[in-house]
Amino acid sequence: MKVSKFAPLIGAEVTGIDLREPIDAETRHQLNAALVDNVALVIRDQDFTPPQYLAAVSLFGEPMPQHFTQYALPDCPLVHEVSNRHKDKSGQRVKHGAGWHTDHTNHVRPPKYTCLFAVSLPSSGGDTAVVNMRAAYESLPRDIQQSLQGLKTVNVFQGSAASNYSGQSADAQAEKKPEPVLQPLIRVHPDSGKNALYFHPVKTENIVGMSPSNSQKLLNDLLERSIKDEFIYRHKWRKGDMLIWDNRAAMHKAHFDYNPEEFRLLYRVLVRGELPISA
Ligand code: SIN
């Protein structure tokens, strides 16, 4: 197995491994360490059935159930389809993951990793981008870092700011609201000990002690400061790619930069995380 960095701050490629084969403990450790170090890993040239894919993702931890169970594969429900042919109840095409976000922050133990595997790709475009939120945090002026210490986001299934963001389906709006979950705005990585910005713009109803609109202003400002080329890995899909990233130090988004008549289908699995640690 070979791990090659794409860029200093984010992204690495893994070649020379077939995750359908038995993987020894040392290789598993190297894969997990490379993921934490590089925030996003592309494991090339894989060829999976859904159960084989699930077993491969399990090398990184325990797969967990996802929102929107209508997209689960009937025979392998921890694997979900991310398809550009999905429509919501109002007949609108669902644009999965169109804005920058991290997954399932309304869970007490949100997923530490998100993994995608390409099943069908458009002839060009359909990229997935991942941004290093650890580097984003480190780039903030010290006074801003200090002003964020101890802040908590209030996370719900769909926050009141959702309509400001593209790609929010009518199905999401129709879901009933479960109990809000507090998450640290500055999250400490359990392995690296480093701080990262951690929030989901749509799932954050507000920051504790702030109104929803002031909270969104602050999050928008932080997002704007984070979206810099040197912090971003933009993945151009190839057949056989398995892309996995570390949600404890990343946000991600799908680019809708392709012909929507062409079929794009990825399989997604989430890996259960720990209780987020506050800075
Ligand atoms: C997602 O947010 O999980 C979807 C990413 C993609 O379709 O590229």
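Cut-off values and rules
Residues numbered from 1 in each chain as written. Predicted model: local features only at pLDDT ≥ 70, side-chain atom pairs only at ≥ 80, totals over all residues. Heavy atoms only, no water. Core = buried A, V, L, I, M, F, W, Y, C linked by side-chain atoms within 4.5 Å. Buried < 20%, exposed > 50% of the residue type's maximum accessible area, 1.4 Å probe, protein only. Helix = DSSP H or I, 4+ residues; strand = E, 2+ residues; numbered from the N terminus. Contact = heavy atoms within 4.5 Å. Expected span 1.5 Å × (residues − 1). Arc of directions from axis to C-beta. Polar contact = N/O pair within 3.5 Å; in protein donor to acceptor, adjacent residues only side chain to side chain. Pairing = 2+ DSSP bridges. Axes fitted to C-alpha atoms, helices over the stretch in contact; angles between N-to-C directions. Near = heavy atom within 4 Å. Areas by Shrake-Rupley, 256 points an atom, 1.4 Å probe, with all protein chains shown as cover. Nonpolar A, V, L, I, M, F, W, Y, C, P; charged D, E, K, R; others polar.

A. Representation of the nonpolar core. Residues Leu19, Ile43, Tyr53, Phe60, Val79 and Met242 are the most contacted members of the largest nonpolar core, which totals 29 residues. Those elements that place two or more of their residues in this core are β2 (12-15), α1 (25-38), β3 (40-43), α2 (50-57), β6 (76-83), β7 (113-120), β15 (242-246) and β17 (265-271). Each residue touching Tyr53, except ones within four places of it in the same chain, is listed here: Phe48, Val79, Cys115, Leu116, Phe117, Met242, Tyr267, Arg268 and Val269. The next biggest cluster of nonpolar side chains, apart from the first, holds 22 residues, and it includes Val131, Ala135, Leu219 and Ala249.

B. Helix α6 (residues 212-226), seen in detail. In this model, α6 (15 residues) spans 21 Å end to end at C-alpha, consistent with the 21 Å of a helix rising 1.5 Å per residue. Residues Ser215, Gln216, Leu219, Leu222, Leu223 and Ser226 constitute the buried set of α6. Down the axis of α6, the buried set is contained in an arc of 130 degrees. They therefore lie on one face. For α6, the exposed residues set more than 90 degrees away from the buried face come down to Lys217 and Glu224.

C. Inspection of the environment of Asn206 at higher detail. Within the secondary structure, Asn206 sits in strand β13 (residues 204-207). When the C-alpha atoms of Asn206 and Thr153 are compared, they prove to be 6.0 Å apart, with 53 residues separating the residues in sequence. For Asn206, the contacting residues outside a window of four places in its chain are Lys152, Thr153, Val154, Ser211, Pro212 and Ser215. For Asn206, the side chain forms a polar contact with the main-chain oxygen of Met210, separated by 3.3 Å.

D. How the structure looks around the sheet that holds β13. Taken in spatial order, the three strands of this open sheet run β10-β9-β13, and their pairing is antiparallel. Of all the strands in the sheet, just β10 (181-184) and β13 have a single pairing partner and so form its edges. Averaged over all pairs of adjacent strands, the angle between strand axes in this sheet comes to 30 degrees, irrespective of strand direction. One ladder, built from three bridges, connects strand β9 (residues 152-155) with β13; its direction is antiparallel. The residue bridging Val154 from the neighbouring strand is Asn206, located in β13.

E. Up close: the sheet that holds strand β16 (residues 250-254). Pairing within the open sheet is antiparallel, and its three strands lie in the order β14-β8-β16. Sheet topology places β14 (232-235) and β16 at the edges, where each strand pairs with a single neighbour. Averaged over all pairs of adjacent strands, the angle between strand axes in this sheet comes to 15 degrees, irrespective of strand direction.

F. Representation of the pairing of β17 within the structure. For β17, the tally of buried residues reaches seven of seven residues, placing the bulk of the element in the interior. The two faces of β17 match: Leu265, Tyr267, Val269 and Val271 on one face and Leu266, Arg268 and Leu270 on the other face are all buried. Judged from the four bridges that link them, β6 and β17 form a sheet pairing that is antiparallel. Directly across from Glu81, in β17, lies its bridge partner Tyr267.

G. Representation of α2. All of the buried residues in α2 are Tyr53, Leu54, Ala56 and Val57. Seen along its axis, α2 keeps its buried residues to an arc of 160 degrees; they face one direction. Packed against the buried residues of α2 are β4 (63-64), β6, β7, β15 and β17.

H. Layout of unusual backbone geometry. Non-glycine residue Phe68 carries a positive phi angle of around 55 degrees. Position of Phe68 among the secondary structure elements: in the loop between β4 and β5 (72-73). For Phe68, a relative accessible area of 23% puts it in the partly exposed group. At His104, a residue that is not glycine, the phi angle is positive and equals roughly 55 degrees. Take His104: it is sitting in the loop between β6 and β7. The buried category is assigned to His104, whose relative accessible area is 7%.

I. Representation of the site of the ligand. Inspection of the region around the ligand gives Val82, Gly97, His101, Leu116, Thr128, His252, Ala254, Arg264, Leu266 and Arg268 as its neighbouring residues. Here an oxygen atom of the ligand sits 2.7 Å away from a polar atom, N or O, in the side chain of Arg264. Between the ligand and Arg268 there is a distance of 2.7 Å, counted from an oxygen atom to a side-chain nitrogen or oxygen. Taking 260 Å² as the accessible area of the ligand by itself, protein coverage stands at 99%. Secondary structure elements with two or more residues in the shell around the ligand: β16 and β17. Looking at the shell around the ligand, its residues break down into four nonpolar, four polar and two charged.

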